[in-house]
Amino acid sequence: MSADITEAGLALLRVDRVNKRFGAVVAAADITMVVQPGERISLIGSNGAGKTTLVNMITGYLKPDTGRIGFDRRDITPLAPRAITRLGVARSFQIPQLYGDLTVLDNMLVANACHDQRLSFWHPAQRPEAIERAERLLERFRLGEHRGRRVAELPGGVRKLLDIAMALTGAPKLLLLDEPTSGVAAQEKFPMMDTIMTALGQESMTVLFVEHDMEIVERYASRVVAFYAGRIVADGAPRQALATDDVRRYVTGELIAE
Ligand SMILES: Nc1ncnc2c1ncn2[C@@H]1O[C@H](COP(=O)(O)OP(=O)(O)OP(=O)(O)O)[C@@H](O)[C@H]1O
Ligand SMILES: [Mg+2]
């Protein structure tokens, strides 16, 4: 076990010299980043830059070829996704993973039952405190009015919010959101991000979110990490990172790439 990723200190997540290739494609090239509790980090980069690959490696769905990942002072590199979730890493997906035939509240209770070893998957509604926490999260995500509706009947934006609320039922320490506003109408994006970030602020959540809209990035991120061809090309405060030549060349396209 490498000492540097498990060392004591404030860092919640340490990605240390991580590499990942798919055949000839370099999806992660020597990625190193340290995340402190409370940060809201936006992962930006053009299509295929390696953002989802990094999210998948942090959550255990993919294993790095080389390098280590440390979370909460443990080496999580070899762990399965379920074990990493249990330690406090939650995620949402580019396409929400929901139970369309169940109500909003039942989706929350099933998600909660999946996190809580003491609960049976088939009788998730039996614990009053599970219901109470689910109701509280639904209120925070402005989903209270939808609690009794079947998920299949809900608009896309509401489903995305539910997916994120479900990810929080296990009281994680780190949340990874892969394009929370993708597929949402332009005029819905800001209200939706307001709802998400206000709710996450109330939970004091540390967040990594993949986002393509630079106005959203600038407004909601406390830090930006920019990727190109599997490499980190900028890492810093949003305004500074977005103003770098590499971001303007490889991410926003304001400069012509040579
Ligand atoms: N399972 C896989 N098998 C083969 N190649 C993959 C796999 N996953 C990702 N890749 C490749 O790795 C590179 C990085 O992909 P990744 O999905 O991480 O990009 P991304 O930054 O999330 O892009 P997008 O903005 O389009 O979601 C791409 O070239 C992609 O085709
Ligand atoms: Mg992606």
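Residues numbered from 1 in each chain as written. Chains lettered and ligands numbered in written order. Predicted model: local features only at pLDDT ≥ 70, side-chain atom pairs only at ≥ 80, totals over all residues. Heavy atoms only, no water.

**Quick look at the overall build of the chain**
Point 1. Scanning the chain for helices and strands turns up 9 helices and 10 strands.
Point 2. Taking the principal axes of its C-alpha atoms as reference, the chain extends roughly 55 × 45 × 35 Å.
Point 3. With 258 residues in all, the chain has 48% of them scored as buried.
Point 4. Counting only contacts in the chain whose residues sit at least 6 apart along the sequence, the fraction spanning at least 24 positions is 64%.
Point 5. Carbon and sulfur atoms form 50% of the exposed surface of the chain, whose accessible area is close to 12200 Å².
Point 6. Taking the average location of the 32 positive side-chain charges in the chain and that of its 32 negative ones, the two points are 4 Å from each other. (Helix = DSSP H or I, 4+ residues; strand = E, 2+ residues; numbered from the N terminus. Buried < 20%, exposed > 50% of the residue type's maximum accessible area, 1.4 Å probe, protein only. Contact = heavy atoms within 4.5 Å. Areas by Shrake-Rupley, 256 points an atom, 1.4 Å probe, with all protein chains shown as cover. Lys, Arg positive; Asp, Glu negative; His and termini not counted. Charge placed at Lys NZ, Arg CZ, Asp CG, Glu CD.)

**What about the packing of helix α3 (residues 104-115) against helix α4 (residues 128-140)?**
The relative placement of two packed helices is expressed as an angle between their axes plus a distance between the axes.
Point 1. Here α3 crosses α4 at 120 degrees, and the two axes come no closer than 10 Å. In terms of their interaxial angle, α3 and α4 are classed as oblique. Note that α3 runs across α4; the crossing there is right-handed. Taking contact as the criterion, the partners of Val104, Leu105, Met108, Leu109 and Asn112 in α3 are, on α4, Ala130, Ile131, Ala134, Glu135, Leu137 and Leu138.
Point 2. Within the contact of α3 with α4, the residues separate by chemical class into 9 nonpolar, 1 polar and 1 charged. (Axes fitted to C-alpha atoms, helices over the stretch in contact; angles between N-to-C directions. Parallel < 35°, antiparallel > 145°, perpendicular 65-115°, else oblique. Left-handed = near helix turned anticlockwise from the far one by under 90°. Nonpolar A, V, L, I, M, F, W, Y, C, P; charged D, E, K, R; others polar.)

**Focus: the domain arrangement of the chain**
Bring the parts together and some accessible area is lost; that lost area is often taken as the interface size.
Point 1. Segmentation of the chain into domains returns domain 1 (1-88 + 172-258) and domain 2 (99-170).
Point 2. Contact between domain 1 and domain 2 buries roughly 1300 Å² in total, counting both sides, with carbon and sulfur atoms accounting for 65%.
Point 3. Area buried by domain 1 at its contact with domain 2 is led by Pro172, Thr195 and Glu203, which between them contribute 35% of it.
Point 4. Scanning the region where domain 1 abuts domain 2 turns up 2 salt bridges.
Point 5. With a closest N to O distance of 3.5 Å, Glu203 and Arg133 form a salt bridge.
Point 6. Along the contact surface separating domain 1 from domain 2 lie 3 residue pairs in polar contact (both at pLDDT 80 or more).
Point 7. Only α2 (81-87), β7 (174-178) and α6 (186-202) provide two or more residues apiece to the side of domain 1 that touches domain 2.
Point 8. Ranked by residues supplied to the side of domain 1 that touches domain 2, first place goes to α6 with 6 residues.
Point 9. Partitioning the side of domain 1 that touches domain 2 into residue classes produces 10 nonpolar, 4 polar and 4 charged. (Domains from an automatic or database assignment. Buried area = accessible area lost by both parts, 1.4 Å probe. Salt bridge = Lys/Arg side-chain N within 4 Å of Asp/Glu carboxyl O. Polar contact = N/O pair within 3.5 Å; in protein donor to acceptor, adjacent residues only side chain to side chain.)

**Remarks on the sheet that holds strand β2 (residues 25-35)**
Strand-to-strand pairing in sheets goes through backbone hydrogen bonds, with the strands running parallel or antiparallel.
Point 1. Ordered in space as β2-β1-β4-β5, the 4 strands form an open sheet in which the pairing is antiparallel. The open sheet is flanked by β2 and β5 (74-75), the only strands paired with a single partner. (Pairing = 2+ DSSP bridges.)

**Some details on the site of ligand 1**
Point 1. Around ligand 1 there are 14 residues in total, and Asn47, Gly48, Lys51, Thr52 and Thr53 lie nearest to it.
Point 2. Measuring from an oxygen atom of ligand 1, one finds a side-chain N or O atom of Thr52 at 2.8 Å.
Point 3. Within the residue set of the shell around ligand 1, elements represented by two or more residues are β2 and α1 (51-58).
Point 4. For the shell around ligand 1, the element with the most residues is α1, which contributes 3 residues.
Point 5. The residue inventory of the shell around ligand 1, partitioned by class, reads 4 nonpolar, 8 polar and 2 charged. (Near = heavy atom within 4 Å.)

**What to know about the sheet that holds strand β8 (residues 206-210)**
Point 1. Strand order in this open sheet of 6 strands is β6-β7-β8-β3-β9-β10, and the pairing throughout is mixed. Each having just a single partner strand, β6 (89-92) and β10 (231-236) make up the two edges of the open sheet. When strand polarity is set aside, the average angle formed by the axes of neighbouring strands in this sheet is 15 degrees.
Point 2. When strand β9 (residues 223-228) meets β10, the two strands line up antiparallel, connected through 5 bridges.

**Re the nonpolar core**
Point 1. Of all hydrophobic cores here, the largest spans 48 residues; its most connected members are Ile44, Phe141, Leu175 and Leu200.
Point 2. Both domain 1 (1-88 + 172-258) and domain 2 (99-170) contribute no fewer than three residues apiece to this core.
Point 3. With residues near it in sequence (within four places) discarded, Leu175 still touches Ala90, Arg91, Ile164, Ala167, Leu168, Leu200, Met205, Thr206, Val207 and Leu208.
Point 4. In this structure, Val18, Ile31, Ile58 and Ile69 belong to the second largest nonpolar core, which totals 27 residues. (Core = buried A, V, L, I, M, F, W, Y, C linked by side-chain atoms within 4.5 Å.)

**Side note on the environment of Leu13**
Point 1. When you line up the elements, Leu13 lands in strand β1 (residues 13-22).
Point 2. Note: C-alpha distance between Leu13 and Asp106 (93 residues apart in sequence) is 32 Å.
Point 3. Leave out the neighbours within four places in its chain, and Leu13 touches Met33, Val34, Val35, Ile58, Ile69, Gly70, Phe71, Leu174 and Leu208.

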